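Single-letter residue listing:
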Amino acid sequence: MATETAGVESTPWDSDVLLPDEILRESPSAKDGVTAEVELAHRVWGAELAQEAAILLRLPQVVTCTAQNLFHRFLYRKSLRRFDAFAVAMGALFLAAKIEERPKRLRDVLFVFYHTHRKRKGLPHKVLEVGGVRYQTWKDALVKTERHLLKELGFMFYSICDHPHKFILYYVRTLD
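First, a word on scope: everything that follows refers to the structure included in this document.

Thresholds applied
Residues numbered from 1 in each chain as written. Predicted model: local features only at pLDDT ≥ 70, side-chain atom pairs only at ≥ 80, totals over all residues. Heavy atoms only, no water. Helix = DSSP H or I, 4+ residues; strand = E, 2+ residues; numbered from the N terminus. Buried < 20%, exposed > 50% of the residue type's maximum accessible area, 1.4 Å probe, protein only. Contact = heavy atoms within 4.5 Å. Areas by Shrake-Rupley, 256 points an atom, 1.4 Å probe, with all protein chains shown as cover. Phe/Tyr/Trp six-rings, centres within 6.5 Å; stacked < 30°, edge-to-face > 60°. Axes fitted to C-alpha atoms, helices over the stretch in contact; angles between N-to-C directions. Parallel < 35°, antiparallel > 145°, perpendicular 65-115°, else oblique. Left-handed = near helix turned anticlockwise from the far one by under 90°. Nonpolar A, V, L, I, M, F, W, Y, C, P; charged D, E, K, R; others polar. Salt bridge = Lys/Arg side-chain N within 4 Å of Asp/Glu carboxyl O.

Things to note about the overall build of the chain
Step number 1: Secondary structure assignment for the chain yields nine helices and two strands.
Step number 2: In the chain, the succession of helices and strands from N to C terminus is β-β-α-α-α-α-α-α-α-α-α.
Step number 3: A total of 176 residues make up the chain; the buried ones form 42% of that total.
Step number 4: Once local pairs closer than 6 in sequence are excluded, the contacts in the chain between residues at least 24 apart make up 72%.
Step number 5: Roughly 10,700 Å² of accessible area belongs to the chain as shown, and the carbon and sulfur atoms make up 55% of that amount.

Okay, here's the thing in structure tokens:
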């Protein structure tokens with residue numbers, strides 16, 4: 001699955017990321033024994049999850065891009081053995097909405113992720129009970145994950161937020 005460019009072996013996703021080679025060579029998940037295929041599957045799944053939740057929350061695409069960027073950057077620093085991709089995707093979207101000045105209530109984010117979780121598992125529709133055990137567990141996980149994201153990424157988001165996406169959308173709107 002790895003590609004070879006000028007005699008240097010690379011992972012399937014490092015050609016699109018601006019990170020030092022020492023970070024790309026062996027991710028924390030790989031050091032914990034997660035194969036490259038499994039890690040890639042979790043990364044794709046988490047990015048799709050953030051996309052789907054952002055659509056349900058009626059967030060603009062730029063929030064999705066920021067969330068996916070936060071998600072991937074975090075997983076270049078922390079292992080999938082320690083952090084669940086679902087919780088990281090949820091925390092990344094919650095934080096991205098704040099960064100892009102489109103904040104959503106914690107409760108709304110939890111409801112959407114709960115709905116998505118049940119839908120993907122093939123379970124019937126059920127509303128998350130506010131104040132219930134699952135609600136409290138997920139709420140705590142979301143707040144903790146958001147804190148971990150902030151801490152690991154050094155509270156610096158200006159470089160993350162300059163997406164080419166913003167400029168493309170601006171040009172498309174101008175041309176219309």
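This is not the end of the story, as more comes after the structure.
Some thoughts on the packing of aromatic side chains
Step number 1: One pass over the structure, following the stated rule, counts five aromatic pairs.
Step number 2: When the ring of Phe-86 is compared with that of Phe-113, the centres are 5.6 Å apart and the planes differ by 90°; the resulting orientation is edge-to-face. Of the two residues, Phe-86 is situated in helix H5 (residues 85–99) and Phe-113 in helix H6 (residues 106–120); the sequence distance between them amounts to 27 residues. Each member of the pair, Phe-86 as well as Phe-113, is classed as buried.

Describing the side chain of Glu-152
Step number 1: Relative to the helices and strands, Glu-152 is located in helix H7 (residues 133–152).
Step number 2: Ignoring any residue separated from it by four or fewer positions in sequence, one finds Glu-152 in contact with Phe-74, Arg-77 and Lys-78.

Topic: the packing of H6 against H7
Step number 1: One can describe the packing of H6 onto H7 by two numbers: an axis separation of 11 Å at closest approach and a directional angle of 110°. Relative to H7, H6 is oriented roughly perpendicular. The two elements H6 and H7 cross, and the hand of that crossing is right-handed. Listed contacts from H7 to Leu-106, Arg-107, Val-109, Leu-110, Phe-111, Phe-113, Tyr-114 and His-117 of H6 are Arg-134, Tyr-135, Trp-138, Lys-139, Leu-142 and Val-143.
Step number 2: Among the residues forming the contact of H6 with H7, the class breakdown is ten nonpolar, one polar and three charged.

Side note on the packing of helix H3 (residues 36–56) against H6
Step number 1: Following both chains from N to C, one finds H3 and H6 inclined at 120°, their axes separated by 10 Å at the closest point. Classed by the angle they form, the pair H3 and H6 counts as oblique. Along this stretch, H3 crosses H6, giving a crossing that reads as right-handed. Contacts between H3 and H6 involve Trp-45, Glu-48, Leu-49, Glu-52, Ala-53 and Leu-56 on the former and, on the latter, Val-112, Phe-113, His-115, Thr-116, Lys-119 and Arg-120.
Step number 2: By residue class, the composition of the contact of H3 with H6 is six nonpolar, two polar and four charged.

With respect to the pattern of salt bridges
Any two side chains of opposite charge can pair if their charged atoms end up close together.
Step number 1: Within this structure, the stated rule accounts for seven salt bridges.
Step number 2: Here Glu-146 and Lys-98 are joined by a salt bridge, their closest N and O atoms 2.7 Å apart. One end of the pair, Glu-146, is in helix H7; the other, Lys-98, is in helix H5, and 48 residues separate them in sequence.
Step number 3: Residue class for Glu-146 comes out buried when judged on its relative accessible area of 10%.

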